[in-house]
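Residue strings, one per chain:
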Amino acid sequence: KAGVTQTPRYLIKTRGQQVTLSCSPISGHRSVSWYQQTPGQGLQFLFEYFSETQRNKGNFPGRFSGRQFSNSRSEMNVSTLELGDSALYLCASSFTPAYQETQYFGPGTRLLVL
Amino acid sequence: TQLLEQSPQFLSIQEGENLTVYCNSSSVFSSLQWYRQEPGEGPVLLVTVVTGGEVKKLKRLTFQFGDARKDSSLHITAAQPGDTGLYLCAAYMEYGNKLVFGAGTILRVKS
């Protein structure tokens, strides 16, 4: 069974640009959560989507947005990139909403903002 | 301020030694999870503890959940180089449904 896949794996952007990251969950999983991982702040929850609806949102500015498609694939978008957005962005999938459900993480997309 | 305080931040030990990693909070957890993350990979779930006082064993790893569900520990017996990685605790707070992570403990086991 294929795991969670994320594309691209690495990305370099400049300040002010926008970026879209993609996540394909494990087959059959309908919940996708996104996390940001930085050396300073650690792993922080961004948002969760289940059946194309955002269920939860973390404490991030509106520049961070996401969506989920009918096939459960998800994308997250960051507009007007800032240097501090440099991070490893992880997505995780689960069968049902993530609360107390086992989540399976992808390898992440490493974003560098110059 | 981290909701989950992990200690120590770094551990560098010799193969065969024992170690304990701690995860503490002033809040009550509804459940707590431990993950291990290796470079270039996402975190992998090791265990979920739900009941206060619960002890779970996974080969050489022993996980404890405090009676008051505010703290947890991970003990590794006879550490091996393959145990090297970043260990993260994570919890759904009692009245929340967002997963909160500790800052992590970087473990290096030297052969």
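Details of the structure are given in the entry above.
The following paragraphs examine the structure supplied in this document. (Residues numbered from 1 in each chain as written. Chains lettered and ligands numbered in written order. Predicted model: local features only at pLDDT ≥ 70, side-chain atom pairs only at ≥ 80, totals over all residues. Heavy atoms only, no water.)

Quick word on the overall build of chain A
Basically, it comes down to this: Helix and strand assignments follow DSSP, with helices taken as H or I runs no shorter than four residues and strands as E runs no shorter than two, numbered in order from the N terminus. The reference for a compact globule is 2.2 Å times residues^0.38; the radius of gyration itself is calculated from the C-alpha atoms. Exposed residues in this analysis have more than 50% of their type's maximum accessible area, buried residues have under 20%, and partly exposed residues fall in between, with area computed by a 1.4 Å probe over protein chains only. Note on contacts: a residue pair qualifies if any of its non-hydrogen atoms lie within 4.5 Å across the two residues. Per-residue and other accessible areas were derived by the Shrake-Rupley procedure at a 1.4 Å probe size, with only the shown protein chains allowed to occlude residues. Positive: Lys, Arg. Negative: Asp, Glu. His and the chain ends are not part of the count. Think of each charge as sitting on NZ of Lys, CZ of Arg, CG of Asp or CD of Glu.
For chain A, the helix and strand inventory stands at 0 helices and 11 strands. Radius of gyration (C-alpha) of chain A: 13 Å, near the 13 Å computed for a compact globule of 114 residues. Structurally, chain A occupies a C-alpha span of about 35 × 25 × 25 Å along its principal axes. For chain A, the residues scored as buried account for 50% of the 114 residues in total. By sequence separation, contacts in chain A at least 24 residues apart represent 55% of the contacts at least 6 residues apart. Looking at chain A as shown, the accessible area adds up to about 5,400 Å², and 49% of this sits on carbon and sulfur atoms. Of the side chains in chain A, 11 bear a positive and 6 a negative charge, and the two mean positions are spaced by 5 Å.

Focus on the sheet that holds strand E8 (residues 74–78) of chain A
Residues and elements named next belong to chain A. Basically, it comes down to this: One bridge is not enough; two strands pair if DSSP finds at least two bridges between them. In this description, a line fitted to the C-alpha atoms serves as the axis of each element, helices being fitted only across the stretch in contact, and the angle between N-to-C directions of two axes falls anywhere from 0 to 180 degrees.
Across the sheet, which stays open at both edges, the 4 strands sit in the order E1-E3-E8-E7 with antiparallel pairing between neighbours. Edge strands, defined here as strands with exactly one partner in the open sheet, are strand E1 (5–7) and strand E7 (64–68). The sheet shows a mean angle of 20° between the axes of neighbouring strands, direction not considered. Examined bridge by bridge, E7 and E8 share 5 bridges and lie antiparallel to one another. Across the sheet, residue arginine 67 finds its bridge partner in E8, namely glutamate 75.

A short note on the layout of surface pockets
As a reminder of what qualifies: Points on a 1 Å grid, built from protein atoms alone, make a cavity when a 1.4 Å probe fits but cannot get out and make a pocket when they are open with protein on both sides within 12 Å along at least 5 of 7 lines; residues with an atom within 4 Å of a point are the lining residues. Grid points are joined across faces, edges and corners, and a volume is the space filled by probe spheres set on the points. Residues are grouped as follows: Ala, Val, Leu, Ile, Met, Phe, Trp, Tyr, Cys and Pro are nonpolar; Asp, Glu, Lys and Arg are charged; every other residue, Gly included, is polar.
In this structure, the largest pocket encloses a volume near 570 Å³. Taken together, 27 residues form the lining of the largest pocket, with A:Gln37, A:Pro39, B:Gln37, B:Leu86 and B:Ile106 sitting closest to its centre. The set of elements that each furnish at least two residues to the lining of the largest pocket consists of strand E4 (31–38), strand E5 (42–50) and strand E9 (87–94) of chain A together with strand E9 (85–93) and strand E11 (105–110) of chain B. Its residues assigned to classes, the lining of the largest pocket comprises 11 nonpolar, 12 polar and 4 charged.

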